[in-house]
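The residues making up each chain are set out below.
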2 protein chains.
Amino acid sequence: MSTEYWEEEIETAPRSKLEELQLQRLKKTINLAANSPYYKEVFSQNNITKDSIQTLSDIRKIPFTTKVDMRAHYPFGLVAGDMRNDGVRIHSSSGTTGNPTVIVHSQHDIDSWANLVARCLYMVGIRKTDVFQNSSGYGMFTGGLGFQYGAERLGCLTIPAAAGNSKRQIKFINDFKTTALHAIPSYAIRLAEILQEEGIDPQSTTLKTLVIGAEPHTDEQRRKIEQLLGVKAYNSFGMTEMNGPGVAFECQNQDGMHFWEDCYFVEIIDPETGEQLPEGEIGELVLTTLDREMMPLIRYRTRDLTRIIPGKCSCGRTHLRIDRIQGRSDDMFIIKGVNIFPMQVEKILVQFPQLGSNYLITLETVDNQDEMVVEVELSNLSSDNYIDLERIRKNITRQLKDEILVTPKVKLVKKGSLPESEGKAVRVKDRRDNKS
Amino acid sequence: MSTEYWEEEIETAPRSKLEELQLQRLKKTINLAANSPYYKEVFSQNNITKDSIQTLSDIRKIPFTTKVDMRAHYPFGLVAGDMRNDGVRIHSSSGTTGNPTVIVHSQHDIDSWANLVARCLYMVGIRKTDVFQNSSGYGMFTGGLGFQYGAERLGCLTIPAAAGNSKRQIKFINDFKTTALHAIPSYAIRLAEILQEEGIDPQSTTLKTLVIGAEPHTDEQRRKIEQLLGVKAYNSFGMTEMNGPGVAFECQNQDGMHFWEDCYFVEIIDPETGEQLPEGEIGELVLTTLDREMMPLIRYRTRDLTRIIPGKCSCGRTHLRIDRIQGRSDDMFIIKGVNIFPMQVEKILVQFPQLGSNYLITLETVDNQDEMVVEVELSNLSSDNYIDLERIRKNITRQLKDEILVTPKVKLVKKGSLPESEGKAVRVKDRRDNKS
C-alpha cells in the first residue's frame, strides 16, 4: 500500500491542529456567509455575531440549512461573495421537481475543489502518468467537470468521454490504454458485460483503478466490479451542494471514506430530533463548507444517512471516515420508538448466501401493537430442508435484532414471490392504523 | 465599438513583428514535431532539418498532413511530447467512419487554448461581469470544455448548460440572467421559437451577445438570429485538430474572422494542385499550429473552403481575417478548367428576394461541351410577369458569371419543384459523359 500523500501536512495533521484550522476557517466562513441575504437574516434572527463562534461546537447555535431553504431563496439568496465580479461557475442539481439547487463558485472555490479531487485520486494510487477516463455526464452535473479539473490538476492524461456510448468507452480504454476510470457502479458492470460480448476478457484491459460513486451500492457489488474487471474500486462521496466529487473518498484500505475535514465540518444528527449522535451511530450527515468563499453553506442537512467509523486509519490520514451511505433520511421509519433505515436490514440480509436480493418490510398493527415483518426471497442456493430453513430464519432474526434493536417477524418466501419493482425498489410498506 | 484588447501587444502587433514571432515559433514547432514518429519519417523522407526553415515560405518544403495521415497513425503517431508525463487531455473527433482523429494536449496547450478563447470572447465585448451560458455538448467535443475553460479564464460567470433540454436552457437564461450564449445557429433560432411558445418576448431577455459556430450558415441567418433575439451574433471558427474553438473569431465589425496568427500559420491553397492562392481567392484552408507542444500539426489540410479578406480591419487588430467557410473542398467541381464551389453560387442566389432557398446545379455534356445548369426555385415574393422574370434571370446569370467566371444556364422553377432533401442537401449532379 502506498503511503504517499498529495498534501502530507494537511492529510496527516494531528487532530488538534486540524480542529484549530477548522475553527479558524469556520469563523471566516460565518463572516463571509453573513454577506448573503439568507444567512444575514438567519444570523440576525438567532443573534449570531462573529463572536458567537468560540469553539467548534458553537456551530450548534446556528440553525440547519435545508434544501427547502435553498429553493425558497432560489437562485442566489445564499450567495455571499461578489458574484458579478468574482463568480466563475454555476452548478445546479437536476431539479426534477421545482427549482434546482444552485451553487455558485469563485475561482478560489474551483481551485480548492480541483485540489480536493486530486487529493482523492492521489490517495488511491493514481498518478500523473495514469490515463484517467471519465464516463460521467458533463455540464451542470458535477461528476463531469469535477473529476475533469481534479484529474488535470493531478496531471493525468484525461479522457473526457462523458456518459453513454459504451462501445466508444471500450474503444477508448483499449486504444488510449486507460488505467483509471470513473463510472457509476452499474455502468462499470455494464462495461464488463460489453467487453465480454465483444470477445475481450474484461480482466485483460489496462484498467487498474475504478472510482465509483453517485449511486447507492453495496460492498458486495464493489467486490463484484473488482473481480469482473480485475481492478481496485474505490468509493467516492460527493454532492452538488458541497461542490461535487472530492468531499470524501476511500483510501487504499477500503474501510470507510476519509472526509476532508480541512474543507468540511461534519456532524451526524438524529434526523427526528436534530440532536448530535455519538460516534459510530447512524444518522443524517450535516455538512458545513470551510473553504468556499462565494457561497458558503452552514449545517446543510444532506438527507444522507451514514455513521462516523470510530478509530484511526492505518493509512496515516487523520481525517475522519464515514461509512458508505446507508440510505436517505426520508426513508427512515420509526417503530417502537426506534429509528430504522431499510439499509440496516439489507446489510444483514446480504450476508446470507441462501437469500436473494429482493425483500420487503411491512409495518402492521396487531392487537394495538406495532409489528415489523421482513419478507425475504430465498436464492437458488437455499436448501429445501425445513430444519435448515428454520435455523437460517432464526439466525437472521437474531442478527436483525442486534442491528435494529427491534425483533422483527422474518418470513422466508419463494424466489419471485415478492413484487419486482421497476426503478427504485419500494422496501417499506406502512400499514399501521396510526402511522407514526 | 470597443477598442479594448485582451492582449493588445499581440493583437495589434505590426505585421513584421507578427511574422517574426511566427517564424520563431514555426522553427520551434518543427523541432518539436521531429520527435513524433510520423513527422520524424516525413522530415527524413523530405530532407527537412532544423535549418530548412529560414523564412515562413520555407514551410512549403514540408508536405501537407491530411486526415488520412492522422488516421493511419492512430492514435498517437503524431504525438511529439512526453505524453505519459506531460499529457493532460485527449480530444477526438466523432469518428463516424473509421478511427477518430485524436489530439493530445499538455498543460501548456490547454492554457494557450483557454487564453485564445478568452481573447475571442473579450474581442466581442464579453467581460468578466458577463454571464456566459454554453449550450455545446461537453466531453470529447471541443465546443464544451473549450468555451468552458476560455470563459472561466476571462472570469465570466459560466453556466455549463451543455446540449439539449431547451426549456432548461431558457430557465437558466431567465433565472441566471445570461448575457452571452454559445449556440449553434439553428439552435439559437430554436430557442427564440421556444421563448415565443412560452409567451416570452425573445428580445426581452438579458441576452446581449451570441457566439455562433460549428454549423455552416449564411449572413442572412446570422441577421435573423440577431433580429429574433435582439442580440449581436459573432461567428466562431474552430476544429478539434486545431484545439477547438478559439482559432478565428469575428471582431465587432462583423466583417470576417480574425485568425490568431501568433498561434496558427494560415495558407490558402488550390485543393486540386496544392498551390498557394493569391489573397482574396477562395481555396482550401491549410493550418499549422505554432503554439502547441504535445502534438504539433504542420500544414494540415482542413478541407474547409474560405478566402483571406484583403485589407486592414478598422478594429486595429493586425491578424488576417478569413471569410465565413464556403463549404468543403470535397464539394468542389471543375468545369471548363475552373474550380467552383456550390457556396459561390449560393452566395449570389441568396441576394435575390424573388428566389427561394432550394437550388440544384447540374453538369451536363451537350455537343461534347461541358455545360452548367443552375435551377433555382422562385419564392412567394416573385412576380408572374414574364418580362420581370426574364430580367431577374439575366441579372442572376451575369452575377454568377462575375463570381465563377463561367456562364451557366439559369432556370427559374416553381416553388416546390426541386427535390427536397432530408439532412445535407445535394446541390450538384454531375451527368457529364466524361466526369472531370
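Small disclaimer: the values here were computed from a predicted structure and weren't measured.

A.B. asks: Lay out the interface of chain A and chain B with the relevant residues and their values.
C.D. replies: Contacts between the two partners involve 41 residues from chain A and, on the opposite side, 41 residues from chain B. Carbon and sulfur atoms supply 59% of the area buried between chain A and chain B, which totals about 3300 Å² over both sides. Joining chain A to chain B, the criterion identifies two salt bridges. Put simply, B:Arg89 and A:Glu152 hold a salt bridge, and the shortest N to O gap is 2.7 Å. Elements supplying a minimum of two residues to the side of chain A that touches chain B: helix H5 (83-86), strand E1 (87-92), strand E2 (102-106), helix H6 (107-123), helix H7 (142-154), strand E4 (157-159) and helix H8 (166-176) of chain A.

A.B. asks: Explain the packing of aromatic side chains to me, using residue names and the numbers behind them.
C.D. replies: Residues and elements named next belong to chain A. Tallying each qualifying case throughout the model produces 19 aromatic pairs over all chains. Taking the centre distance of 5.5 Å and the plane angle of 50° together, the rings of Trp6 and Tyr122 count as tilted. On the criterion of sequence distance, the pair formed by Trp6 in the segment before helix H1 (8-11) and Tyr122 in helix H6 is long-range, its members being 116 residues apart. Using a relative accessible area of 26% as the deciding quantity, one classes Trp6 as partly exposed.

A.B. asks: Give a description of the domain arrangement of chain A that names residues and reports values.
C.D. replies: All names here are of chain A. What the domain assignment reports for chain A is domain 1 (75-330) and domain 2 (338-430). Computed over C-alpha atoms, the centres of domain 1 and domain 2 are 31 Å apart. At the junction of the two partners, domain 1 supplies ten residues and domain 2 supplies seven residues. Of the roughly 740 Å² buried between domain 1 and domain 2 on both sides combined, carbon and sulfur atoms contribute 62%. Among the residues domain 1 hides against domain 2, the three largest losses belong to Thr218, Ile282 and Gln326. Together they make up 52% of the total. Seen at the junction of domain 1 and domain 2, the total is zero salt bridges. At the surface where domain 1 touches domain 2, the tally comes to one residue pair in polar contact (both at pLDDT 80 or more). A breakdown of the residues in the side of domain 1 that touches domain 2 according to their chemical character gives four nonpolar, three polar and three charged.

The rules behind each value
- Residues numbered from 1 in each chain as written.
- Chains lettered and ligands numbered in written order.
- Predicted model: local features only at pLDDT ≥ 70, side-chain atom pairs only at ≥ 80, totals over all residues.
- Heavy atoms only, no water.
- Contact = heavy atoms within 4.5 Å.
- Buried area = accessible area lost by both parts, 1.4 Å probe.
- Salt bridge = Lys/Arg side-chain N within 4 Å of Asp/Glu carboxyl O.
- Helix = DSSP H or I, 4+ residues; strand = E, 2+ residues; numbered from the N terminus.
- Phe/Tyr/Trp six-rings, centres within 6.5 Å; stacked < 30°, edge-to-face > 60°.
- Buried < 20%, exposed > 50% of the residue type's maximum accessible area, 1.4 Å probe, protein only.
- Domains from an automatic or database assignment.
- Polar contact = N/O pair within 3.5 Å; in protein donor to acceptor, adjacent residues only side chain to side chain.
- Nonpolar A, V, L, I, M, F, W, Y, C, P; charged D, E, K, R; others polar.

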